[in-house]
Structures are given as structure tokens and as C-alpha cells.
Amino acid sequence: MMNQEDIRLVQASVPILEEHAETLTRLFYKNMLSNHPELKNIFNLANQALGQQQKSLALSVLAYAKHIEHPEVLLPALELIGQKHRSLQVVPEQYPIVGKYLLGALQELLNLPDDAPILGAWGRAYQQLADILIEMEAKMYAAAEAPDAAWSDWRKFKLIKKEELAPNVYHLYLSPSDGGEIPLHRPGQYLSLRLFFKELGIYQARQYSLNSRPNNNYYRITVKAQKGAPGCPMGRLSNALHQAMKIGDEVELTVPAGNFHLEQSPKPSVFLGAGVGVSPLWGLLQALIDSQTEQPILWMDAYKSADEQLFAEELRSLENQLQLQHFYEDQNGRMQLDEALKAPFGPAANYYLCGPAGFMEAQRKQLRQAGIPEEQIHLEEFNPVQLQLS
């Protein structure tokens, strides 16, 4: 248990963390993955190479330190982290390893002796956070295994169908290799998919949103092949799925996870998506249409050009049931929210956003500036989850 002196010491470390947090987390990952290479099966090596994982953890550590007296305010973000952990099959036995190397990095960075009081304070602070997540994730594991046809750990699935939607974007249909059934997913959920890479000697896992109607026979995901660019390594797993994956080939999946879902509300709905980020939005839209709602619906999507448009035919078939607005950067520029902020939408609507981090932050900022309450803005993002500083 933490005491008031522990809290004081953790809070006193905030200025140090603000200055050195990313150095701390880079050191943490380097030491931990060097001594526990088996954990590379969990961590996204691309995010490691780009520094996204380190930055996310650094901001999370800083947020936790600032809220150490009232960690309950971080519960919504912790739930997102817990969902990701559950999807990747993180287990309680891995938390002490993370704690050991996080404290070791702090000790090394500040050149502290083994008995430094701040190390003891941070050790108890970490254990408090670990206990919260372990308890939360235990409930998630139990809930995930409860539905009929659910499974634990990783399960083999085979590719039964592959459809090209746009250049470098495919639908993949995946059915259990054992011929059994699968539980109905909740629209908006995602699953973790992993492949073993012989050249690396490890698995790599990524999360992909489900966008087919819930059924007991197959899952459908939409995958964009991530191409290399300066400072951005080529997406190893996404390109393997595109180039090497043939009908009948196998991948491994975990039970669907996530809490991005339609609100049980009579409000109008606005969907704001960019690129392959429209994938989970399409699942939500289908569920909303199937509910025979009488509330207005607005769908807005953004792409660099029209040839990247996804779900084009499906959306055209729904033109009499919702409003559509497409933005192509090479034709009519980036997304503008004028229509979304007019009646019957505006403050009366729920907003669902998915796309690159910069896109979502820009749209969220516009919505907040227009007076849309935070609780009516719902986001799904697959960059590393971090605790919020606010």
C-alpha cells in the first residue's frame, strides 16, 4: 500500500519525468527486451522502431504520476489498455517483469542507490497500477470466455476468401481451422491476429477491426498494406497478409475485444473516418441501419484520392437512408465539418471517429470548439494507448 510519503515522492518526480520520460522508456524497453526476448512476441516492433511505443509509455507514466492520489480518474484509459492486453493474451506473471525493468531504468537514469526512497515509492506505485490492471483484465478474460463458441488463448483460423477493395487494401475472411463456430462479435470490436516470422524467430501481432455482420462462421477484417517511407519501416505483417497469404493459409486469432460501440441513445449519429479507419465505422453503420433507427445519420470519409475509396458501392446503396459526404484531398481538400455541425446534428448527435491519430485529433478539436460534449465523441485508435494528462 502507498502512504503519503510515497505519494509525495512520486509527485516530486514529475518534473524529472517531464524532462526525461522518453529517455527512461527507451532505456526500459531496451533492457527488458534484451533480457526477455520472448516479450517481442507481444510488442509491435514497428511501433518500437518509430518510437511510438516509447512515447506512449512515457506520457502514461507521467499521467499516472500526476494523478497518483486519485488513479480512478484514469480508469477509462486503463480500460482501453486492459482490452488491448486481453486481446494480446497478457498475463499477470508478466507484470513483475515490466515493473523490474521500469524501476531499473529509473535507477539507471538517475544513478540511484538500491535503497533510494524514490525507488521504493515508485515500486509501490507500480504495484498499485498493476493490481488495478490485473483485476480489470481478469474480468475481461472471464467475460470473453463466457459466450458460446468462445475460446481462450490463440486459435487457428484459415483464409477462406480475399477481396481487393482498393489499391493495397483487402477484405480477408477468416474461418476456424477446426470447423467449429465462433461467438457473435459486437459491432465496433477488433481482434488480435498474429503470424510467426521465421526470419525473426518471433510472432508479430496486430489488431484489426471486424466489419462483417455478426455471424457464427467467419470474421472479416480489412487490411491495408503499410508501405515503407523515410523513418517508417514497411508493415511486415500487413504485407505478409497481402503478398503471401493464400486461400487455406492459417493465422492465429484471439476472441474479439474492445469497447468502441454504438451508444444506446436516440441521438442522431455522425461517422467521421479516414482511409482504412472507416473499417470499424462500417461495422457500426451496418448495425445502426439494421436497427431501423429513424434518427438522421451522416457518413463523412476522407481519402487522398477517389481511387482509395472504401465501401463505395455499399454506401451508394444506402443513399436514401443517410447523408453522405466524401472528401478527396486532390479534389475538394481535407475534411470540413460544416455539415456535421448543422441541424439535425451538431450538439444533438453522437460522433464516431476512426483514422490516423492526426486526423482524429483534428476532428475532435473542431468538435470540442463547436461545443460538442466530450461524452458524445467516441474514438477508436490503434496507435499505442496512453493515459491522458488532463
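Above this text you will find the structure in question.
Residues numbered from 1 in each chain as written. Predicted model: local features only at pLDDT ≥ 70, side-chain atom pairs only at ≥ 80, totals over all residues. Heavy atoms only, no water.

Participant: Honestly, the nonpolar core in this entry has me stumped. Any pointers?
Facilitator: The nonpolar side chains of a soluble globular protein tend to be buried with one another. In terms of nonpolar packing, the biggest core is built from 46 residues, with Val10, Phe28, Met32 and Trp122 touching the most fellow members. Listing elements by their share of this core, those giving two or more residues are helix H1 (4–12), helix H2 (14–35), helix H4 (52–66), helix H5 (75–87), helix H6 (95–110) and helix H7 (117–145). Setting aside residues no more than four positions away along its own chain, Trp122 makes contact with Val10, Ser13, Leu17, Val61, Tyr64, Ala65, Leu103 and Leu106. The next biggest cluster of nonpolar side chains, apart from the first, holds 24 residues, and it includes Phe157, Leu174, Met245 and Val255. (Core = buried A, V, L, I, M, F, W, Y, C linked by side-chain atoms within 4.5 Å. Buried < 20%, exposed > 50% of the residue type's maximum accessible area, 1.4 Å probe, protein only. Helix = DSSP H or I, 4+ residues; strand = E, 2+ residues; numbered from the N terminus. Contact = heavy atoms within 4.5 Å.)

Participant: Whenever I open this one, the sheet that holds strand S4 (residues 202–209) confuses me. Can you help?
Facilitator: Backbone hydrogen bonds are what pair the strands of a sheet, in a parallel or an antiparallel way. Strand order in the open sheet formed by 6 strands is S4-S3-S6-S1-S2-S5, with antiparallel pairing between adjacent strands. Bordering the open sheet on either side are S4 and strand S5 (219–224), each of which pairs with just one other strand. Shown here is a sheet whose adjacent strand axes are inclined to one another by a mean of 40 degrees, direction ignored. Sheet analysis places strand S1 (residues 155–166) next to strand S2 (residues 169–176), joined by 8 bridges and oriented antiparallel. If you follow Glu164 over to S2, its bridge partner there is Tyr170. (Pairing = 2+ DSSP bridges. Axes fitted to C-alpha atoms, helices over the stretch in contact; angles between N-to-C directions.)

Participant: Help me understand empty space enclosed by the protein, please; the structure alone is not making it clear to me.
Facilitator: The rolling of a water-molecule-sized probe over the atoms marks out the regions of remaining empty space. Counted under the stated rule, the structure contains 1 cavity of 30 Å³ or more. If you add up the space inside the largest cavity, you get close to 80 Å³. In this structure, the largest cavity is lined by Leu17, Leu24, Val61, Gly99, Leu102, Leu103, Leu106, Trp122 and Tyr126. Those elements giving two or more residues to the lining of the largest cavity turn out to be H2, H6 and H7. Per-element accounting of the lining of the largest cavity gives the leading share, 4 residues, to H6. The residue inventory of the lining of the largest cavity, partitioned by class, reads 8 nonpolar, 1 polar and no charged. (1 Å grid on protein atoms, 1.4 Å probe; cavity = no way out; pocket = protein on both sides within 12 Å on 5 of 7 lines; lining within 4 Å. Points joined across faces, edges and corners; volume = space filled by probe spheres on them. Nonpolar A, V, L, I, M, F, W, Y, C, P; charged D, E, K, R; others polar.)

Participant: Can you walk me through the sheet that holds strand S11 (residues 377–380) in this structure?
Facilitator: Ordered in space as S9-S8-S7-S10-S11, the 5 strands form an open sheet in which the pairing is parallel. At either margin of the open sheet sits one strand with a lone partner, and together these are strand S9 (323–328) and S11. The mean inter-strand angle of the sheet, taken between neighbouring strand axes irrespective of direction, is 15 degrees. By the bridge criterion, 4 bridges tie strand S10 (residues 350–354) to S11 in an arrangement that is parallel.

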